[in-house]
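Fold and geometry: a report
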Amino acid sequence: MLKRKDLLGLIDATKEEITEILDTADVMKRHLKAGEKQLPYLKGKTATILFYENSTRTRTSFELAAKYLGATVINIAAGSSSVAKGETLVDTGKTLDAQLNDFLIMRHPMGGAPYLLAKVAKAGVLNAGDGMNEHPTQALLDMLTMREHFGHLDGLKVAIVGDIKHSRVAKSNLFGLNAMGAQVRMYAPETLIPKGIDKLGAKLCKSKEETLEDADVVMGLRIQLERQQAGNFPSLNEYAEFYGVNGKDLKLAKPNAVIMHPGPVNRGVELTGKVIDHEKSRIEEQVFSGIAVRMACLKLLNDYRDSCK
Ligand code: CP
């Protein structure tokens, strides 16, 4: 059984823990496909969604996941909360605890913010993306989507191309996929590769060809214009030509390779429109997997909370 109060990152996640989450997500997906959206696992529990950054996929899928499990769900947008009046994160956590929340689901621009919240809050904290640090449920839904296609994760060659430096998705995928025995290759302009990422287990490639050759998964990453200073690459057109993935590039990957992207996509920059809409694209399946994975995480954290009572 997953024995954690919080889900903050995959840096310390074991193969057994990830497998349990993915197996539970498989069950959740079967429920959803059967139209079963009124499950009892979080009946009587409350989850508060606290997003200090924009989101479409993650916020809505956490909300749907908690509701499908029977929880009461509250949404707080940072701009309309007392944070805007200067309340600290610690005091916000104490306030939400006093309201008997069971789970706090947080996205924050500062890396480490959910770790601080988890230290002070009695509620279970789920990291929905913290700065450039981690986005664990995104990597879990990516792994679920890969495992559904290939039947396994061990031995897969996963090629990640794009803005690695500012990407919490790349880091969580690196930790999770390494734990599951997959090889993670990375390719980006020098200015968008974080120092030491190879020491964390990534295989850094010197060309797009080396990255994509024989790959099972081709994953594009969004150019995070909101996080970077100007000057990491000369122009979007040149970025698209040298670091974007087009139909010709795809031919380097294995014949049964899949195309993935966490979204939102800059169409025509990281991936051409043809690649996004390609029959091998699993981008929409990733979105569906997101609800199942978040249901699984909430259920397993809740099972552990109940077992500690
Ligand atoms: N992949 C992802 O985190 O998307 P959102 O920013 O829309 O939540």
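What the rule picks out here adds up to 18 salt bridges. Lys29 serves as the salt-bridge partner of Glu148, at 2.9 Å between the closest nitrogen and oxygen. Linking Glu148 in helix α5 (residues 136-150) with Lys29 in helix α1 (residues 15-33), this pair joins segments that are 119 residues apart in sequence. On the accessibility criterion, Glu148 (35% relative accessible area) is partly exposed. Put simply, Lys157 and Asp214 hold a salt bridge, and the shortest N to O gap is 3.6 Å. Of the two residues, Lys157 sits in strand β5 (residues 157-161) while Asp214 sits in the loop between α7 (208-212) and β8 (217-220), which places them 57 residues apart along the sequence. For Lys157, a relative accessible area of 23% puts it in the partly exposed group. Bridged by salt links that share partners, the residues Arg4, Asp12 and Glu17 form one connected network.

Before going further, it helps to examine the site of the ligand. If you check the shell around the ligand, you find Ser55, Thr56, Arg57, Thr58, Arg107, His135, Gln138, Pro262 and Gly263 and nothing else. Thr58 is positioned with one of its side-chain polar atoms (N or O) 2.6 Å from an oxygen atom of the ligand. At a separation of 2.9 Å, an oxygen atom of the ligand approaches a polar side-chain atom of Arg107. Judged by its atoms lying within 2 Å of the grid points, the ligand is housed in the largest pocket. Considered class by class, the residues forming the shell around the ligand number one nonpolar, six polar and two charged.

Taken in spatial order, the four strands of this open sheet run β2-β1-β3-β4, and their pairing is parallel. Only two strands of the sheet have a single neighbouring strand rather than two, namely β2 (72-77) and β4 (124-130). For this sheet the average axis-to-axis angle between neighbouring strands, irrespective of direction, equals 15 degrees. Summarising the sheet, strand β3 (residues 103-108) and β4 pair through five bridges and their orientation is parallel. Residue pairing in the sheet places Ile105 in a bridge with Leu126 of β4. This element, helix α3 (residues 89-98), spans β1 (46-51), β2 and β3 of the sheet and lies at about 160 degrees to β1.

Each disulfide is one covalent bond, formed between the sulfur atoms of two cysteines. Enumeration over the complete set of coordinates arrives at zero disulfides. Summary of cysteine pairing: Cys297 is not part of a disulfide, and the nearest cysteine sulfur, belonging to Cys308, is at 17 Å.

Next up on the list: the side chain of Lys208. Here Lys208 lies in helix α7. In this structure the side chain of Lys208 is engaged in a polar contact, spanning 2.6 Å, whose partner is the backbone oxygen of Gly244. Side chain to side chain, Lys208 and Asp249 meet in a polar contact 3.0 Å long. With sequence-adjacent residues up to four places away left out, Lys208 is seen in contact with Tyr187, Glu241, Phe242, Tyr243, Gly244 and Asp249.

For Arg168, the position within the fold is in helix α6 (residues 168-179). Assessed through its relative accessible area of 6%, Arg168 is described here as buried. Side-chain polar atoms of Arg168 contact the backbone oxygen of Gly131, separated by 3.2 Å.

Cut-off values and rules
Note on numbering: residues in each chain are counted from 1, in written sequence order. Per-residue local features are limited, in this predicted model, to residues with pLDDT of at least 70; the limit for side-chain atom pairs, both in listing and counting, is 80 or more; totals at the level of whole chains, interfaces and linings are taken over all residues. In computing side-chain properties, one takes all heavy atoms of the structure into account and sets aside hydrogens as well as water. The term salt bridge refers to a side-chain nitrogen of Lys or Arg lying within 4 Å of a carboxyl oxygen of Asp or Glu. What counts as a helix is a DSSP run of H or I of at least four residues, what counts as a strand is a run of E of at least two, and both are numbered from the N terminus. For every residue, the accessible area obtained with a 1.4 Å probe (protein chains only) is divided by the maximum for its type, and the residue is called buried under 20%, exposed over 50%, and partly exposed between those limits. By convention in this text, a residue qualifies as near a molecule or strand provided that one of its non-hydrogen atoms is within 4 Å of it. By the criterion applied in these results, polar contacts are pairs of N or O atoms within 3.5 Å in which, for protein atoms, one can donate a hydrogen and the other can accept it, and in which residues neighboring in sequence qualify only through two side-chain atoms. The distinction between a cavity and a pocket rests on a 1 Å grid over the protein atoms alone: a 1.4 Å probe fits inside a cavity but cannot get out, while a pocket stays open yet meets protein on both sides within 12 Å along at least five of seven lines, and a residue with an atom within 4 Å of a point counts as lining. Any molecule with more than half of its atoms within 2 Å of a cavity's or pocket's grid points is counted as sitting in it. Three categories are distinguished: nonpolar for Ala, Val, Leu, Ile, Met, Phe, Trp, Tyr, Cys and Pro, charged for Asp, Glu, Lys and Arg, and polar for the others, with Gly belonging to the last. Two strands pair under a simple rule: DSSP has to find at least two bridges between them. Note on method: axes are straight lines fitted to C-alpha atoms, helices fitted across the in-contact stretch only, with angles between N-to-C directions ranging 0 to 180 degrees. Here, two residues are considered to be in contact whenever any of their heavy atoms come within 4.5 Å of each other. Sulfur atoms of two cysteines make up a disulfide when they are within 2.5 Å.

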